[in-house]
Amino acid sequence: PQPIYLKDYRPPAWLVEDVKLTFRLDPTATRVLSRIRFVPNPDAPGAFKLDGEKLKLISAAIDGVPVEPEITDTQLTCKTPDGPFTWEAEVEIDPQGNTTLEGLYMSNGMYCTQCEAEGFRKITYYPDRPDVMAPFSVRIESDLPVLLSNGNPGKRGDAFAEWIDPWPKPAYLFALVAGELVAHEDSFTTAGGKDVDLAIWVREADIGKCAFGMDALKRSMLWDEQVYGREYDLDVFNIVAVDDFNMGAMENKGLNIFNSAAVLASPETATDANFERIESIIAHEYFHNWTGNRITCRDWFQLCLKEGLTVFRDQQFSADERSAAVRRIDDVLALRARQFREDNGPLAHPVRPQSFVEINNFYTATVYEKGAELIRMLKRLVGDNAYYEALELYFARHDGQACTIEDWLAVFEDATGRDLSQFKRWYSQAGTPRVYVTEDWRDGSYTLQFHQETPPTPGQDEKRSLVIPVAVGLLAQNGSELRGTEVLELTSREQSFTFENLPERPVPSILREFSAPVILHRNSDKAERLFLLRHDTDSFNKWEAARGLMKDCLTGMALGENTADEDLLSALADVLRDDTLDPAFRALVLQQPSEDDIAQTLFEANTTPDPTRIHQVSEQFANAFAAHAEGSLASVFTAMKPEGVYAPDAQGAGRRALLNASLTLLSRRDGGERAAEQYDTADNMTLQLGSLSALLRVGSGISQLERFYDQWADDRLVLDKWFSMQVALATPGDAARIATDLAEHPKFDWKNPNRFRAVVGGLASNAAGFHHASGKGYDFVSDWLIRLDPVNPQTTARMSTVFETWRRYDADRQDLMRAALGRIQSSPGLSRDTGEMVARILE
Ligand code: HT7
Ligand code: ZN
C-alpha cells in the first residue's frame, strides 16, 4: 500500500450540506439508506468520489434518477450534475460479521459504531474525511428498546427513533447504538441556564457501576465552563458502555461510546487507579466536544490539534481535582515509559507526522502525550493569561471549522505578538532532545551552560535547535530557596545563563515540574541528589532526585559495579516515614524504576541490557530496602490502615497506595502473612488486588487466586485483572507457560480486546518473562498476533509495538525477535495495519 503524504492534501471537491440516514437494523443484513445534499466546492473543483468499504450497493440515484456508479474495493465514482444535487443510496452491511470493531458492529447482542478515523466508510458511501462537515439526521428502525444516535432526540415510535444533530460534524463523529440497555440518569444545568439530560447506558447487570462516571461527567462539565468558558451545546449527553472496543473511548457528538473498562466502576470491582483513569477518560471525551468536535482537524495529519490539546486539558482537570504534584509525576512516568520509548526506537515520528499508510497506527503516545507536552510548554512560554486569551480567540475564530496546526499557532501569534516559527519545529521534528548542563561558579556569579541535541530518528538525520523552556530554581546549602523558579528559554545549541550576586554557591534544581519533554544530562553526584531529595521545594524534582539515585544504583548493580546503596536506602526510608509528605507522593518515591526503563538506560550508555539480570537486581534492591526499612514499613502499614468507608478520592487513594506499597515490601519479610490477612478482610478492589499481587510477587497466593476467580468469574472486568496479573507477575521462567495455559482457559475470549490485552499484553509487560532467553515469550506473542490479525487488525497492530525495542538486546535475542516479526510479516493476507507496523519496526 502507498503512503499518504501531508504535502498532497487537497480540499474536498464536493461539500455536504445535509445528511439524512435511515438504518433498518438486522444482525447480518442491515440496510442503510442515505440522502445527502452535495454542493460543489467553488475553491477546489474536481470529480465526485465517495469512500466505501465492504458495502453491498443496492441502489443509487441522483436527484431521484437511478444511476450505476463505478465501484472498487474502496471507492465509488459517478457522473454528476455540475451544480448541487441530492444523492440517495441504499447499501447492505453485516454488523455481526464485522469483527474489526470499526464501522457498525455487534458486541454482546448490541449494535454499536466506531467511526474514527475511517470507519464511516464501512457504513455507507460518503466523503469520509474530517474536513467535510455537515448536520446529520438519523432514523433507526429496530425492535430493540434503546435506539440512540448523535444530537437531540426527535420522534420516537413503535420500533423506530429519530435523532437530529444540528451541529455540523465530520463523519468520524457519527455514532449509533441499539440494544437492551438501562440508563443511569442525571442532569446538568449549564452556566447559560440550559438543562441537559445526562445518561450512562449499560447492560442491566452493570447499573450499579455508573455513579462515579456520572459524577466525573458533571465535574468535567463544570470545570470546562469555569476554566475554559466552554458550555455544552445539546439537550442530551449520552454515554454507552461497550464490552468489545479497540481503545478507551470515543467522543462522538452527544453520544460518547466507552470501553466498559473506561467507565464502569464500583468500590468492590475497581481499583483506585481504575477510578482515576475513568475520571480522566470521561473528562477527555467530554472536553473533545469543543476541542475536536466544534473545532475539528482538517486532515488526519493534524490529529495532535485535537488530541494533544484535549490530553492537556484532561491533565489540567485531574491536577485540579486531585493532587497536581502527583498527577504531574504520573504523567511524566507514562510519557517516559511510552513516548520516550517510542521516540528512541524505529517507530519514532513527529507529533505531526508527514506520511502514513494506515492512520489507525498514528494514535500514538507521541501524538497524544508529546502533543500535550507541546501545549504545556506553549502555556509556560506565553504565560497563563495569554494562554487563555489565545484559547478564547481560537474558539471564536475557528468554531465550526476543520483546522490545522498553522491555524492553532497563528492564534497564539496573534494573541501574544510572539513569533512561534522556531517553536513550530516541535511539531515536525521527531526524537527526544537531550539537554546537557554544566556550570560555573565565580565571585557570586553562577552560570549554567546548556547544550541541546536531538538524536537522528528514522528519515530525519539532521535536527535543528528547539525552543526549550527550562524551569530552574536555586537552593542554598541550608536548603532554603536562593532564587525561586525562573523559566530559561533555550533557543540555540549552546546557551548560557548567569545568576548574579549570589551569597553562596547554589545547588541548582533544573527542569522543575518537567518543564519540557527532554532528557536532562547533568553530572550530579550522589550528595547533590540526596540533598535535592531532602530539600527541593519542587515536588517533581524532589521525586526526580530519588528516581535518579535509584536508576544509578540499579544500573550499577546490573553491571556488577555496586550493591544496593545504604545512603539511598536510608534516604528512601526517611521519605517513607515523613508524614509531612502526601502519602501518594511517598508511594511514588518508593516505586522502583521499571525493568524496561533500566534496560533503556543501559542501552543509552552503550551497554547491552540483560533482562534476566535486570530482574534479579530489581528484586535484590527491593529485598534490601525491605530489610533496611522493615520497622518503618510496618509502622507506615499500620498508620495507613483504612479509616471509614471507601471513597475513590485522592486522599484515600494516596493512603491506600502507600499501604499497598508497604505491604508489597513487607511481604518479602513476613512471607505474605500480612497480605493474606488483608486479602481476607478487604472490602474493596484496591486492597484485594494489592494484597493478591503482593502475594504473587513472593511466589505465594495460589489459594487466594482460586478464591478470586470463584468470586469474580461472572464479572468480565475483574476477570481481566485475574488473567493479567498472573502473567504480569509470574517469574521470568514461568511467564510464557502461564500465559499459554491461560490462553487455553474457557474464559479466554481472545476476540475481546480487553481479554486479549490482559494475557498477551500481560506477558509483554513482564520484561524478563517476555525476553526470556528461550524465546518462548516472543513465540507466544507472535503466534497470537498472527491469529488476531485477520479478525482485528487495529488491536494487532497496536500490540506489535511490544517488539519495538528489539535492537536494544543481544544478538541471540535480536535473532529470535527478528524471526518472530518475520513470521508475522509473512503470514498470508496480513493487514495493512500490522504490515505497516512490522515493516517500520524491522526497518
Ligand atoms: N478520538 C478517539 C480516538 C480513536 C478511537 C477510539 C476508540 C476506538 C477506536 C479509535 N480510533 C481512534 C479517542 C480519543 O482520543 O478520545
Ligand atoms: Zn482524544
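Just so it is clear, the model here is predicted, and its values are computed rather than measured.

## A look at the overall build of the protein
Right, so step 1: A tally of helices and strands in the protein yields 27 helices and 31 strands.
Right, so step 2: Its C-alpha atoms give the protein a radius of gyration of 27 Å, within 12% of the compact-globule value 28 Å for 843 residues.
Right, so step 3: Dimensions along the principal axes, computed over C-alpha positions, put the protein at roughly 85 × 65 × 60 Å.
Right, so step 4: Residues counted as buried form 50% of the 843 residues belonging to the protein.
Right, so step 5: Taking the intrachain contacts of the protein between residues at least 6 apart in sequence as the baseline, contacts between residues at least 24 apart amount to 70%.

## A closer look at the site of ligand 1
Right, so step 1: Neighbouring residues of ligand 1: 13 residues in total, closest Gln-114, Glu-116, Asn-246, Met-247 and Met-250.
Right, so step 2: When contributions to the shell around ligand 1 are tallied by element, the ones reaching two or more residues are β20 (249-250) and α2 (272-287).
Right, so step 3: Classifying every residue of the shell around ligand 1 by side-chain character gives five nonpolar, four polar and four charged.

## What about helix α18 (residues 685-697)?
Right, so step 1: Taking 1.5 Å as the rise per residue, α18 with 13 residues should run 18 Å; its terminal C-alpha atoms sit 18 Å apart, in good agreement.
Right, so step 2: Burial within α18 is extensive, with twelve of its 13 residues counted as buried.
Right, so step 3: Listed in full, the buried residues belonging to α18 are Met-685, Thr-686, Leu-687, Gln-688, Leu-689, Gly-690, Ser-691, Leu-692, Ala-694, Leu-695, Leu-696 and Arg-697.
Right, so step 4: Its buried side turned inward, α18 meets α2, α16 (650-670), α17 (673-681), α19 (702-712) and α20 (716-728).

## A word on the domain arrangement of the protein
Right, so step 1: Domain boundaries in the protein define domain 1 (4-260), domain 2 (296-418), domain 3 (434-516) and domain 4 (713-843).
Right, so step 2: Centre-to-centre, using C-alpha coordinates, domain 3 lies 42 Å away from domain 4.

## Digging into helix α13 (residues 595-604)
Right, so step 1: Burial of α13 is extensive: seven of the ten residues sit out of reach of the surface.
Right, so step 2: Every buried residue of α13 is accounted for by Glu-595, Asp-596, Asp-597, Ile-598, Ala-599, Gln-600 and Leu-602.
Right, so step 3: Packed against the buried residues of α13 are α4 (324-343), α10 (539-558), α14 (611-628) and α23 (767-770).
Right, so step 4: Where α13 terminates, the next one or two residues include Asn-606, which has phi positive at roughly 60°.

## Considerations on the environment of Thr-537
Right, so step 1: Secondary-structure assignment places Thr-537 in the loop between α9 (526-535) and α10.
Right, so step 2: It is 33 Å that separates the C-alpha atoms of Thr-537 and Met-221, two residues lying 316 residues apart in sequence.
Right, so step 3: For Thr-537, the residues in contact, after removing those within four places along its chain, are Gly-473 and Glu-481.

## Notes on the UniProt feature "domain: Peptidase M1 membrane alanine aminopeptidase" (unreviewed entry) in the protein
Right, so step 1: When the UniProt feature table is mapped to this numbering, "domain: Peptidase M1 membrane alanine aminopeptidase" (unreviewed entry) covers residues 212-426.
Right, so step 2: Secondary structure content for residues 212-426 is 55% helix and 9% strand, while the C-alpha to C-alpha distance between its ends is 37 Å.

## Digging into the sheet that holds β20
Right, so step 1: Read from one edge of the open sheet, five strands run β17-β18-β19-β21-β20, paired in mixed fashion. Looking at strand neighbours, the two that pair on one side only are β17 (182-189) and β20, the edges of this open sheet.
Right, so step 2: Bridging between β20 and strand β21 (residues 255-259) involves two bridges; their strand directions are antiparallel. By the bridge assignment, Met-250 is partnered in β21 with Ile-257.
Right, so step 3: Running at roughly 25° to β17, helix α1 (residues 211-228) makes contact with β17, β18 (195-202) and β19 (236-242) of the sheet.

## Considering the environment of Leu-309
Right, so step 1: Here Leu-309 shows up in helix α3 (residues 303-321).
Right, so step 2: Classification of Leu-309 as buried rests on a count of 23 C-beta atoms within 10 Å.
Right, so step 3: Linking Leu-309 and Glu-373, residues 64 residues apart in sequence, is a C-alpha distance of 9.1 Å.
Right, so step 4: If we ignore the near neighbours within four places in the chain, the residues touching Leu-309 are Thr-291 and Ile-375.

## Describing the pairing of strand β29 (residues 494-499)
Looking down a regular strand, the side chains alternate between one sheet face and the other.
Right, so step 1: A small share of β29 lies buried, amounting to zero of its six residues.
Right, so step 2: Pairing of strand β26 (residues 445-453) with β29, which is carried by six bridges, proceeds in the antiparallel orientation. Each bridged residue has a counterpart across the sheet, and for Phe-450 the counterpart in β29 is Gln-495.

What counts as what
- Residues numbered from 1 in each chain as written.
- Chains lettered and ligands numbered in written order.
- Predicted model: local features only at pLDDT ≥ 70, side-chain atom pairs only at ≥ 80, totals over all residues.
- Helix = DSSP H or I, 4+ residues; strand = E, 2+ residues; numbered from the N terminus.
- Rg over C-alpha atoms; globule rule 2.2 N^0.38 Å.
- Buried ≥ 20, exposed ≤ 12 C-beta atoms within 10 Å, placed from the backbone.
- Contact = placed C-beta atoms within 7 Å.
- Near = placed C-beta within 6 Å.
- Nonpolar A, V, L, I, M, F, W, Y, C, P; charged D, E, K, R; others polar.
- Expected span 1.5 Å × (residues − 1).
- Domains from an automatic or database assignment.
- UniProt positions renumbered as here; feature names shortened; annotations may be inferred.
- Pairing = 2+ DSSP bridges.
- Axes fitted to C-alpha atoms, helices over the stretch in contact; angles between N-to-C directions.

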